[in-house]
Amino acid sequence: MSHTVCAVICAAGKGLRAGFEKNKLLIPFQGTTALEKTLSAFDFLAIDEIVVTASETDFEEISTIVSAFPRAKTVLGGKDRTHSVYNALKATAADIVLIHDGARPFIMRESIENCIRSVKEYGSGICAVECRDTIAVCQDGKILSVPQRDSLCQIQTPQGFFREPLIKAYGLALESGETFTDDSSVFARYCGAPVLCEGAHENIKLTYPEDFSQDAVRCGFGIDTHAFGKEQDYIVLAGVKIPSHSGLIAHSDGDVLVHAVMDALLSAAGLKDIGHYFPDTDEKWKGADSMSMLREVVALIKKEGYAPQNLSVAIQAERPRLAKYIDSMKNNLAIALNLAPAAVGVAAGTNEGLGYVGEGKGITVNAYVLLRTAY
């Protein structure tokens, strides 16, 4: 027998412990938001419907995000988690419901499938993992008792159930006025002992500011080339004016180094290349200062939730000689990227007379950047 499945994503909370000025699920996070990452995890699977709870304050913004997922819809939450989940349960007619914290964006496909399989076989499925640390019962700063660790587990979400018994249980819970922190507690109180299924330690819940600051870093690579031929006696690299037999041909000031760095930053953040943001068909950028453009790119990646962590640049140029200008380039880049000079590496070399670089026809720059989360 086939069953329809609905994923309920709880996003109506405030996330006060995270310390942000708005719902923690809506701040920039790893190039998107935590809510979008969570929705994507469920949208990827054969889930029939996704219902997202939202507070009145966040309803419009969350609805906009949810609109990008064809099988998802937003419902207004309640005064607490219990009321919010009950509203979501009333908004779906699916046979099976999986209730998941929006603040768990690292949920894995296997855990979701384990949960569904457990519901079909046992009537419930609560994702859980074994405790790795000793857990103590405490009061007034003192340990009262230490339960056996092998009898304990950490409860996660999703938590799955057949909808009909769960919505009845929630109705009774609301009538009683009791407070519950998760769905397994409601089920245990009114239906029976819920069954555990295998979760994953990676499925952490984003709760405190540090949870947002230790996300995986992102790397990006950029490369750019400009040819000599402009009638001027200097080139510009990283904002440093360097005497040269000829200038570099470009729509802007021809700072080939900065252009490579900009592309590396944009690539790492998952954004489009510099041609999209600074097209050479736009007179606004004719002769433009590339260092100013770089600062705009840094602002763009900050909006995505990222900031540079370190930068490595390799310049290939047969001429002019660049050694005595390297430190000035490093300092300019460090200031623009808000980095210590030690986090910026700039190397210059020739092409041993080979190819267009070796023939002195142009300069190529390769840039590699590492981004960290800005929160």
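## Details of the overall build of the protein chain
Of regular secondary structure, the protein chain possesses 12 helices and 18 strands. Over its C-alpha trace the protein chain gives a radius of gyration of 27 Å, far above what one expects of a compact globule, namely 21 Å for 375 residues. Overall, the protein chain is about 85 × 50 × 35 Å in size when its C-alpha atoms are taken along their principal axes. For the protein chain, the residues scored as buried account for 49% of the 375 residues in total. Of the contacts made within the protein chain by residues no fewer than 6 positions apart, 71% connect residues no fewer than 24 positions apart. Here the protein chain has roughly 18400 Å² of accessible surface; of this, 51% comes from carbon and sulfur atoms. Positive and negative charge centroids in the protein chain, built from 36 and 46 side chains respectively, lie 2 Å apart.

## Brief notes about the nonpolar core
Counting residues in each nonpolar core, the largest one holds 50 residues, and the members touching the most others are Leu257, Leu294, Ile315 and Met329. For this core, the secondary-structure elements that each account for two or more residues are β13 (234-237), β14 (240-243), α8 (256-268), α10 (290-303), β16 (306-316), α11 (326-337), β17 (344-349) and β18 (362-373). Of the residues forming this core, the biggest block, 10 residues, is contributed by α8. Once you skip the residues sitting within four places of it in the chain, Leu257 turns out to touch Leu237, Ala238, Val313, Ile315, Met329, Leu333 and Val365. With 36 residues, the next largest nonpolar core counts Leu25, Phe29, Ile47 and Ala103 among its residues.

## Remarks on the pairing of strand β10 (residues 153-162)
Alignment of strand β6 (residues 96-101) against β10, held across four bridges, turns out to be antiparallel. In the sheet register, Val97 faces β10, and the bridge partner there is Phe161.

## A short note on the layout of surface pockets
Its boundaries defined by the atoms lining it, the largest pocket holds a volume of some 900 Å³. Sorting the residues of the lining of the largest pocket by element identifies α3 (81-90), β10 and α5 (163-176) as the ones contributing at least two each. Here the second largest pocket defines a volume of roughly 220 Å³. When residues of the lining of the second largest pocket are traced back to their parent elements, those giving at least two are β12 (218-230) and α9 (274-277). Of the residues that constitute the lining of the second largest pocket, the class distribution is six nonpolar, five polar and two charged.

## What about the sheet that holds strand β11 (residues 196-198)?
Backbone hydrogen bonds hold the strands of a sheet together, and the pairing may be parallel or antiparallel. If you walk across this open sheet you meet the seven strands as β5-β4-β1-β6-β10-β7-β11, and the pairing is mixed. Across the chains shown, the open sheet's two edge strands, defined by having one partner strand only, are β5 (72-76) and β11. Averaged over all adjacent pairs, the angle separating strand axes in this sheet is 30°, with direction ignored. α5 rests against β6 and β10 of the sheet, and its axis sits at about 110° to β10. Relative to β10, helix α6 (residues 183-190) is tilted by about 65°, and along the sheet it contacts β6, β7 (124-130) and β10.

## Remarks on the packing of α3 against α5
Following both chains from N to C, one finds α3 and α5 inclined at 140°, their axes separated by 10 Å at the closest point. The way α3 lies across α5 gives a crossing that is left-handed. Within the contact between the two elements, α3 uses Arg81, Thr82, His83, Val85, Tyr86, Leu89 and Lys90 and α5 uses Arg163, Leu166, Ile167, Tyr170, Gly171 and Leu174. Across the contact of α3 with α5, the residue classes tally to seven nonpolar, three polar and three charged.

## Comments concerning α11
Along its 12 residues, α11 runs 16 Å from first to last C-alpha, staying within 8% of the 16 Å computed at 1.5 Å per residue. Within α11, the full set of buried residues consists of Ile326, Met329, Lys330, Leu333, Ala334, Ala336 and Leu337. All buried residues of α11 project into a common sector of 165° when viewed along the axis, lining one side. Every exposed residue of α11 that faces more than 90 degrees away from the buried side is listed here: Asp327 and Ile335.

## Regarding helix α2 (residues 59-66)
Taken as a whole, α2 has its buried residues at Ile62, Ile65 and Val66. Down the axis of α2, the buried set is contained in an arc of 100°. They therefore lie on one face. For α2, the exposed residues set more than 90 degrees away from the buried face come down to Glu60 and Thr64.

## A closer look at the side chain of Ser252
Mapped onto the secondary structure, Ser252 falls in the loop between β15 (247-248) and α8. A polar side-chain atom of Ser252 sits 3.2 Å from a polar atom in the side chain of His259. Every residue in contact with Ser252, bar those within four places of it in the chain, is listed here: Lys230, His259, Trp285, Gly287, Ala288, Ser290 and Met293.

Rules of the game
In this numbering scheme, every chain counts its residues from 1 along its sequence in written order. A pLDDT threshold of at least 70 governs which residues receive local features in this predicted model, and a stricter bar of 80 or more applies before side-chain atom pairs are shown or counted, although totals over entire chains, interfaces and linings include all residues. As a convention, hydrogens and water are excluded, and side-chain values are obtained from all of the structure's heavy atoms. To qualify as a helix, a DSSP run of H or I must reach at least 4 residues; to qualify as a strand, a run of E must reach at least 2; elements of each kind are numbered from the N terminus. Two things to know: the radius of gyration comes from C-alpha atoms, and the globule rule equals 2.2 Å times the number of residues to the power 0.38. Burial classes follow relative accessibility: with a 1.4 Å probe on protein chains only, a residue under 20% of its type's maximum area counts as buried, one over 50% as exposed, and anything between as partly exposed. Contacts are assigned to residue pairs that have any heavy atoms within 4.5 Å of one another. Only the protein chains shown count as cover for residues, and the accessible areas themselves come from Shrake-Rupley with a 1.4 Å probe. Positive charge is attributed to Lys and Arg, negative charge to Asp and Glu, and no charge count is given to His or to the chain ends. Just so you know, the charge point we use is NZ for Lys, CZ for Arg, CG for Asp and CD for Glu. Only buried residues count toward a nonpolar core. Its members are Ala, Val, Leu, Ile, Met, Phe, Trp, Tyr and Cys residues joined through side-chain atoms within 4.5 Å. Note on pairing: DSSP must find at least two bridges between two strands before they are called paired. A 1.4 Å probe that fits but cannot get out identifies a cavity on a 1 Å grid over protein atoms alone, an open set with protein on both sides within 12 Å along at least five of seven lines counts as a pocket, and a residue lines either if it has an atom within 4 Å of a point. Grid points are joined across faces, edges and corners, and a volume is the space filled by probe spheres set on the points. In the scheme used here, Gly and all other residues not listed as nonpolar or charged are polar, with Ala, Val, Leu, Ile, Met, Phe, Trp, Tyr, Cys and Pro taken as nonpolar and Asp, Glu, Lys and Arg as charged. Note on geometry: axes are C-alpha line fits, over the in-contact stretch for helices, and angles between N-to-C directions span 0 to 180 degrees. Crossing handedness is read from the near helix: turned anticlockwise from the far helix by less than a right angle, it gives a left-handed crossing, and turned clockwise, a right-handed one. The span you would expect from a helix comes to 1.5 Å times its residue count less one. Directions are taken from the helix axis to each C-beta atom, and the arc is the one they span. Two N or O atoms count as a polar contact when they lie within 3.5 Å, although within protein this holds only if one can serve as hydrogen donor and the other as acceptor, and sequence-adjacent residues are included solely when both atoms are side-chain atoms.

This is a description of form; function is not addressed.
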